[in-house]
Amino acid sequence: MKQPSFPLRRTGNHHDTLSMYCHDTPASAREAYIRAVQHLYNVNHWRKLNDAVKTDFLLCDARGQALDRPARTGDLIRIDVVGPGSPSGGGYDWVSIQQLEEVNGDTPYAAMTVVPCPGPQSDDPAVAHFFAEGATNTFVVRRLGNCVLAEVHGRNERPNTDAPPLLDRVRNEAVALLGTVGLSKIQWKDWTAGVVSVVEVKPQG
């Protein structure tokens, strides 16, 4: 059985978050899996998956312009976390979609791996994210029998305190510390629960 690929842990912290919902019939599981994959690629609606998710995500092109379509390799994701944003990122954290992987068959899955990157409208080549270069998050949706799973795997997570300007370093260390004590895992648990939920998502006004 082919498995999603994501980077190994080599340094820093890591986390593995998973939510699962098992359906009564194969047909309903297949339909739910299709919806879950759509949720994965629809980055602009990630916050709407669960009222507990407080971070805003926006899919952008290489210039930082908003996109209204499913995610593609090379796209950027603008992240608006609760609290102060990255000064060098224009008030936001930024990641680039490094890889998309999708496999069909009896045990289908779709996976997206993102990495920290510089702000698209900045001349500074330093990463505009609270985690340093080398960190990854891999988002996975898969179906095993009648069960649909959503997962987030974080690897090589170190505070971004070496290259950025002073204001960024102070802010990044504070935000990364919250992740170290488990708050980021709580946020991703809310996201995975929203992806596999069978409750209809209500549009936010």
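Before any of the text, the structure's been laid out above.
The structure reproduced in this document is the subject of the present report.

What counts, and where the lines are drawn
- Residues numbered from 1 in each chain as written.
- Predicted model: local features only at pLDDT ≥ 70, side-chain atom pairs only at ≥ 80, totals over all residues.
- Heavy atoms only, no water.
- Buried < 20%, exposed > 50% of the residue type's maximum accessible area, 1.4 Å probe, protein only.
- Helix = DSSP H or I, 4+ residues; strand = E, 2+ residues; numbered from the N terminus.
- Pairing = 2+ DSSP bridges.
- 1 Å grid on protein atoms, 1.4 Å probe; cavity = no way out; pocket = protein on both sides within 12 Å on 5 of 7 lines; lining within 4 Å.
- Points joined across faces, edges and corners; volume = space filled by probe spheres on them.
- Phe/Tyr/Trp six-rings, centres within 6.5 Å; stacked < 30°, edge-to-face > 60°.
- Lys NZ or Arg CZ within 6 Å of the ring centre and 35° of its normal.
- Core = buried A, V, L, I, M, F, W, Y, C linked by side-chain atoms within 4.5 Å.
- Contact = heavy atoms within 4.5 Å.

Some points on the pairing of strand β5 (residues 109–116)
Most of β5 sits out of view: eight of its eight residues are buried. Where burial is concerned, the two faces of β5 agree: the one with Tyr109, Ala111, Thr113 and Val115 and the one with Ala110, Met112, Val114 and Pro116 are both buried. Sheet topology places strand β4 (residues 93–103) next to β5; eight bridges connect them, and they run antiparallel. Bridged to glutamine 99 within β5 is threonine 113. In sequence, β4 turns back onto β5 through a hairpin of five residues, with glycine 105 there showing a positive phi of about 120°. Pairing of β5 with strand β6 (residues 136–144) involves six bridges; the strand directions are antiparallel. In the sheet register, methionine 112 faces β6, and the bridge partner there is phenylalanine 139.

Concerning empty space enclosed by the protein
Applying the stated criterion across every chain, the model contains one cavity of 30 Å³ or more. Of the volumes computed, that of the largest cavity is approximately 40 Å³. For the largest cavity, the full set of lining residues is His23, Ala32, Arg35, Val148, Val195, Val196, Ser197 and Val198. For the lining of the largest cavity, the secondary-structure elements that each account for two or more residues are α1 (26–41) and α3 (183–196).

Details of the packing of aromatic side chains
All chains considered together, the criterion is met by seven aromatic pairs. Between phenylalanine 139 and tryptophan 188, the aromatic rings sit 5.1 Å apart at their centres with planes inclined by 75°, giving edge-to-face as the arrangement. With phenylalanine 139 in strand β6 and tryptophan 188 in helix α3, this residue pair connects regions lying 49 residues apart in the sequence. For phenylalanine 139, a relative accessible area of 2% corresponds to the buried category. Residue classification places tryptophan 188 among the buried residues on the basis of a relative accessible area of 12%. Taken together, the ring pairs in this structure connect Trp46, Phe57, Phe139, Trp188 and Trp191 into an aromatic cluster. The ring of tyrosine 92 has arginine 78 lying over it, and the distance from NZ or CZ to the ring centre is 4.0 Å.

With respect to the nonpolar core
In terms of nonpolar packing, the biggest core is built from 34 residues, with Trp46, Ile77, Met112 and Trp191 touching the most fellow members. Sorting the residues of this core by element identifies α1, β2 (56–60), β3 (76–80), β4, β5, β6, β7 (147–157) and α3 as the ones contributing at least two each. Examining the composition of this core, we find that six residues originate from one element, α1, more than from any other. If we ignore the near neighbours within four places in the chain, the residues touching tryptophan 191 are Leu40, Trp46, Leu49, Val53, Phe139, Glu151 and Val152. Ranked by size, the runner-up nonpolar core spans five residues in total, among them Cys60, Leu76, Cys117 and Ala128.

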